[in-house]
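Close look at the chain arrangement
Single-letter residue listing:
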Amino acid sequence: MDDASFIHSMREEVGEKTLPIEIGYVRDVWIFSPVGRIDLDASTDLDATLEEGILQGMHRIVIDFSEVTYISSSGLRVIIKTAKALKKVQGTFAIACLLGVVREVFVVSGFLQILACYDTVDAAVQAVG
Amino acid sequence: MKEVYRAELIGNEDMVTTIVAALKDALQEASVASHVSQQMQLACEEALTNIFLHGYGGEGWIRVMCGMHDGAITLILSDKARAFDPTLVLDPDIDEKLEDRPIGGLGIHLIREMMDDFTYQRSDDANTITMIKRV
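Throughout this document, residue positions are counted from 1 along each chain, in the order its sequence is written. Chain letters start at A and ligand numbers start at 1, both assigned in the order the entries are written. The predicted nature of this model means local features are confined to residues of pLDDT at least 70 and side-chain atom pairs, given and counted, to a pLDDT of 80 or more, with totals for whole chains, interfaces and linings taken over all residues.

Here we come to the nonpolar core. A set of buried residues qualifies as a nonpolar core if it consists of Ala, Val, Leu, Ile, Met, Phe, Trp, Tyr and Cys joined through C-beta atoms within 7 Å. The burial label depends on the number of other C-beta atoms within 10 Å of a residue's C-beta. Counts of 20 or more mean buried, 12 or fewer mean exposed, and intermediate counts mean partly exposed, with C-beta atoms placed from the backbone. Of all hydrophobic cores here, the largest spans 70 residues; its most connected members are A:Val62, A:Val102, B:Ala43, B:Cys44 and B:Leu48. Ranked by residue count, the leading element in this core is helix H2 (residues 34-56) of chain B, at 8 residues. The numbering of helices and of strands both runs from the N terminus, where a helix is a DSSP run of H or I of at least 4 residues and a strand a run of E of at least 2.

Written out as structure tokens, the structure is:
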């Protein structure tokens, strides 16, 4: 079982299916692609998934927002937490494809200044790899 | 003011997503542009989350009212938790570097950024916040 399917089975075991999250990789960079709304409920799910990934040794992570239509402060909390956790293990972290209101939320929260944000997944993967 | 959505219930933070989803449907029904609707949903989620998690620390009574009038959408939220004025909460320093940024504390900031007006009133043992978005 590879790392990604391990995380998927962990997600199923704990019943965390509020937020569909695709997990893929390019070389040693792991790409997490949540689909839909990252609200109060879904944030718990995203948090557990990323935490497990880092625990499994995924230290180069890109979060692909191309399919994310909404994010609230509970989601931002997970992003900051992940950035800090990766920094602690000398990992690298980037954000890709912020659109619409999601981009607006990142901008007004000052996240574009403290996180590496890219317009495409490819650019983000290049940056963290 | 034309009422778009109203809910009055006793619940906890598990209800937030359901209430926001109902508000989203109501705004769609009222032909509100999706970007404005998302901003309203965000303000509603942040305010409700604060009420349940910090005001009540669990279950309590809330009332949500959303109305439209003269190119503005108004969202009014009431609760009976202890008196708390969220409009007095200071904005986080968004220019701090990653190491110094606290993990939470952006909810009220997002309400301020997304809405054009954000006011608080305490009366009859209830907290009422009024959030207005001009469209």
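On the chain A side, the residues contacting the 24 residues of chain B number 21 residues. Within the residue set of the side of chain B that touches chain A, elements represented by two or more residues are helix H1 (16-29), H2 and helix H3 (107-114) of chain B. Looking at the side of chain B that touches chain A, the element that brings in the most residues is H2(B), giving 8 residues. Among the residues making up the side of chain B that touches chain A, the classes are represented as 8 nonpolar, 9 polar and 7 charged. Contact between two residues is assigned when their C-beta atoms, built from the backbone, lie within 7 Å. Throughout, the ten residues Ala, Val, Leu, Ile, Met, Phe, Trp, Tyr, Cys and Pro are labelled nonpolar, Asp, Glu, Lys and Arg are labelled charged, and all others, Gly among them, are labelled polar.

Right, let's talk about the environment of A:Thr82 for a bit. Residue and element names in this part refer to chain A. Looking at where Thr-82 falls in the secondary structure, it is placed in helix H3 (residues 73-88). By the C-beta count within 10 Å, which is 23 here, Thr-82 ends up buried. Each C-alpha atom, one on Thr-82 and one on Ile-54, is 8.6 Å from the other, the two residues being 28 residues apart in sequence. Leave out the neighbours within four places in its chain, and Thr-82 touches Leu-50 and Phe-93.

A separate point is the packing of helix H2 (residues 40-55) of chain A against H3(A). Residue and element names in this part refer to chain A. One way to put it is that H2 packs onto H3 with a least axis distance of 8 Å and a crossing angle of 10 degrees. Relative to H3, the element H2 lies roughly parallel. Along its contact with H2, which presents Leu-40, Ser-43, Leu-46, Asp-47, Leu-50 and Ile-54, the element H3 presents Ser-74, Gly-75, Arg-77, Val-78, Lys-81, Thr-82, Ala-85 and Leu-86. Lines are fitted to the C-alpha atoms to define the axes, a helix being fitted only along its stretch in contact, and any angle between axes, read from their N-to-C directions, falls within 0 to 180 degrees. Oblique is the label for every angle not falling under 35 degrees (roughly parallel), over 145 degrees (roughly antiparallel), or within 65 to 115 degrees (roughly perpendicular).

Further remarks concern the sheet that holds strand E5 (residues 126-134) of chain B. Strand pairs in the sheet, formed through backbone hydrogen bonds, run parallel or antiparallel to each other. Residue and element names in this part refer to chain B. If you trace the 5 strands from one edge of the open sheet to the other, you get E1-E2-E3-E5-E4, paired in antiparallel fashion. Every other strand in the sheet has two partners, leaving strand E1 (2-11) and strand E4 (117-123) as the edge strands with one partner each. Put simply, the sheet's adjacent strands are angled 15 degrees from each other on average, direction ignored. Only when DSSP finds a minimum of two bridges between them are two strands counted as paired. The sheet contact formed by E1 and strand E2 (residues 60-69) spans 9 bridges and is antiparallel. Of the residues in E2, the one forming a bridge with Ala-7 is Val-64.

Residues and elements named next belong to chain B. For Asp-70, which is not glycine, the phi torsion reads 40 degrees and is therefore positive. Along the chain, Asp-70 falls in the loop between E2 and strand E3 (72-79). Classification of Asp-70 by C-beta neighbours within 10 Å gives exposed; the count is 7. Of note, the phi angle at Asp-125 is positive, near 60 degrees, even though the residue is not glycine. For Asp-125, the position within the fold is in the loop between E4 and E5.

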